[in-house]
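Descriptive structure summary
One letter stands for each residue in the lines below.
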Amino acid sequence: MRLGKVRHESKYLAIEYFHTEKNWSIGWMCKHLEVARAAYYKWLHRETPEDEMENIKLAELIKEYDERFSHILGYRRMTSWINHFNQTKYSKNRVHRIMKKLGIHSVIRKKKKKYLAIKPEETVENILQRDFYATEPNQKWVTDVTEFKIPGERNKKLYLSAILDLYDRYPIAFVISKRNDNRLVFKTFDKALHENPNAKPVLHSDRGFQYTNRAFRTKLEDHKMKHSMSRVGHCIDNGPIEGFWGIIKSEMYQMYEITDESSLRFAIKDYIRFYSEERPQDRYCCKTPLEVRQEALKSDIPVELSLIHISEPTRQEA
């Protein structure tokens with residue numbers, strides 16, 4: 001595939017094909033296509049420029065990564081991942097231009113929002129106040145529940161409850177269930193505590209009925225945790241986990257063949273493993289959440305990540 005711009009190249013390609021396959025006269029074709037015969041031969045015997053060879057090499061990498069990761073990479077992450085795994089320094093503009101020429105782009109999936117009115121006396125203050133920056137693991141956690149429709153089963157769904165650590169965006173606990181109830185949220189919380197028994201973070205949630213439940217608030221108080229809640233209709237107050245749901249739903253369906261409940265359960269579990277262990281993120285200098293977490297937990301003084309690197313991804317790059 002030629003990625004450089006050569007005047008009359010389409011005509012030269014036609015001449016080359018019909019001369020080779022049909023033995024048509026080169027002179028006759030040049031005359032009727034209004035190109036100089038000498039120009040055709042110069043094109044035919046030219047050496048491919050170094051920049052074009054590099055573009056061809058990059059194009060092959062782009063096609064390989066697009067196929068390997070099931071079309072989930074936009075040009076920004078495509079650039080980061082190619083540079084990270086190949087020790088290269090391609091620019092985003094160059095990758096973007098070649099992806100457009102190849103017709104390659106990421107798949108975007110929008111999320112519908114639903115809100116449930118809660119009585120004011122059942123809620124708590126928004127302590128987090130959209131401050132999603134944490135200086136160490138287990139300082140701030142965010143949690144939520146999302147739903148997935150089960151293919152082939154009308155009106156049946158799976159519910160995913162998860163807790164993310166805002167330091168490294170690592171999903172420290174998640175539970176999948178066919179019921180969206182208190183038990184789902186309580187089990188997720190218990191798993192997070194089992195993995196992090198000494199943690200006493202601020203836990204931020206929305207105003208879902210599970211989180212306003214008195215039993216849940218008692219669990220937090222028993223473990224000396226502070227509870228923070230989003231305001232009504234302000235999903236951005238819990239932006240990191242909303243972004244996490246968006247990433248799962250835009251990438252997972254491209255990476256797995258999902259046909260029933262069993263395949264959906266597998267896809268959710270395996271994608272979360274991929275997200276945690278294999279999906280490098282620009283905000284962490286192309287490290288995975290698990291790599292960032294392990295480095296921090298092994299250090300007496302965790303690295304304070306730059307605010308530049310923890311900004312929320314745009315929808316296009318989600």
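As the structure is a prediction and not an experimental result, all values here were calculated from the model.

Side note on the pattern of salt bridges
Per the stated rule, a full pass over the model turns up 19 salt bridges. In this structure, the salt-bridge partner of glutamate 261 is lysine 178, at a minimum N-O distance of 3.4 Å. Separated by 83 residues along the polypeptide, glutamate 261 in helix H10 (residues 261-277) and lysine 178 in the loop between strand E3 (170-177) and helix H7 (182-195) bring together distant segments of the chain. Within the structure, one salt-bridge network assembled from shared partners comprises Arg77, Glu251 and Arg279.

Topic: the packing of aromatic side chains
The final tally for this structure, using the stated rule, is 18 aromatic pairs. Between the aromatic rings of tyrosine 256 and phenylalanine 266, the centroid separation amounts to 6.2 Å while the plane-to-plane angle is 80°, which identifies the pairing as edge-to-face. One end of the pair, tyrosine 256, is in the loop between helix H9 (239-255) and H10; the other, phenylalanine 266, is in helix H10, with 10 residues separating them in the sequence. An aromatic cluster is defined as three or more aromatic residues linked by ring pairs; in this entry it consists of Tyr65, Phe69, Trp81, Phe85, Tyr271 and Phe274. The side chain of lysine 191 reaches across the aromatic face of phenylalanine 174, ending 5.4 Å from its centre. For the cation-ring pair, arginine 283 lies above tyrosine 284, with the distance from its terminal atom to the ring centre recorded as 5.8 Å.

A word on the pairing of strand E1 (residues 140-149)
Counting buried residues along E1, eight of its 10 residues qualify, which places the element largely inside the surrounding structure. Relative to strand E4 (residues 202-205), E1 runs parallel, the two being bridged by three bridges. In the sheet register, lysine 140 faces E4, and the bridge partner there is valine 202. As paired elements, E1 and strand E2 (residues 157-165) share nine bridges and run antiparallel to each other.

Describing the environment of tryptophan 141
With respect to the element layout, tryptophan 141 can be found in strand E1. On the accessibility criterion, tryptophan 141 (0% relative accessible area) is buried. With 62 residues separating them along the chain, tryptophan 141 and leucine 203 place their C-alpha atoms 4.8 Å apart. In this structure, tryptophan 141 is in contact with Ile163, Leu164, Asp165, Ile172, Ala192, Asn196, Ala199, Pro201, Val202, Leu203, His204 and Met225, ignoring residues within four places of it in sequence. Only 3.3 Å separates the side chain of tryptophan 141 from the side chain of asparagine 138, close enough to count as a polar contact.

So, the side chain of glutamate 251
By the element assignment, glutamate 251 lies in helix H9. Take glutamate 251: its relative accessible area is 1%, and that puts it in the buried class. At a separation of 2.4 Å, a polar atom in the side chain of glutamate 251 contacts the side chain of tyrosine 271.

Quick look at the side chain of aspartate 144
With respect to the element layout, aspartate 144 can be found in strand E1. The residues touching aspartate 144, leaving out its near neighbours within four places in the chain, are Leu160, Ser161, Ala162, Asp206, Tyr211, Asn238, Ile241, Glu242 and Trp245.

A look at helix H2 (residues 26-33)
Among the residues of H2, those classed as buried are Ile26, Met29 and Cys30. Angularly, the buried residues of H2 cover 100° about the axis, an arc narrow enough to put them on a single face. Exposed side of H2, more than 90 degrees from the buried face: Lys31 and His32 are the residues found there. Among the structural elements, helix H1 (9-22) and helix H3 (37-44) are those in contact with the buried residues of H2. For H2, the N-terminal capping position is held by serine 25, with its side-chain oxygen 3.4 Å away from the main-chain nitrogen of glycine 27. Of the residues trailing H2, glutamate 34 is marked for its positive phi of about 60°.

Overview of helix H4 (residues 50-68)
Given a rise of 1.5 Å per residue, 19 residues ought to cover 27 Å, and the 27 Å separating the end C-alpha atoms of H4 matches this to within 8%. Listed as buried for H4 are Glu52, Asn55, Leu58, Ala59, Leu61, Ile62, Tyr65 and Asp66. Among the structural elements, helix H5 (75-86) and helix H6 (92-102) are those in contact with the buried residues of H4. Within two residues after H4, serine 70 carries a phi angle of roughly 55°, on the positive side.

Brief notes about the nonpolar core
In this structure, Ile62, Leu160, Phe244, Ile248 and Met252 are the most contacted members of the largest nonpolar core, which totals 49 residues. Counting residues per element, this core draws most heavily on H10, which supplies seven residues. Filtering out sequence-adjacent residues up to four positions away, isoleucine 248 remains in contact with Phe148, Leu160, Tyr253, Tyr271 and Ile272. Of all hydrophobic cores here, the second largest spans 22 residues; its members include Val175, Ala192, Leu220 and Met229.

Comments concerning the pairing of E2
Most of E2 is tucked away: eight of the nine residues are buried. Pairing of E2 with E3 involves seven bridges; the strand directions are antiparallel. Looking across to E3, one finds that alanine 162 is bridged to phenylalanine 174. Following E2, the chain reverses through four residues before pairing antiparallel with E3; arginine 169 in that reversal takes a positive phi of roughly 55°.

Reading the values: rules and limits
- Residues numbered from 1 in each chain as written.
- Predicted model: local features only at pLDDT ≥ 70, side-chain atom pairs only at ≥ 80, totals over all residues.
- Heavy atoms only, no water.
- Salt bridge = Lys/Arg side-chain N within 4 Å of Asp/Glu carboxyl O.
- Helix = DSSP H or I, 4+ residues; strand = E, 2+ residues; numbered from the N terminus.
- Phe/Tyr/Trp six-rings, centres within 6.5 Å; stacked < 30°, edge-to-face > 60°.
- Lys NZ or Arg CZ within 6 Å of the ring centre and 35° of its normal.
- Buried < 20%, exposed > 50% of the residue type's maximum accessible area, 1.4 Å probe, protein only.
- Pairing = 2+ DSSP bridges.
- Contact = heavy atoms within 4.5 Å.
- Polar contact = N/O pair within 3.5 Å; in protein donor to acceptor, adjacent residues only side chain to side chain.
- Arc of directions from axis to C-beta.
- Expected span 1.5 Å × (residues − 1).
- Core = buried A, V, L, I, M, F, W, Y, C linked by side-chain atoms within 4.5 Å.

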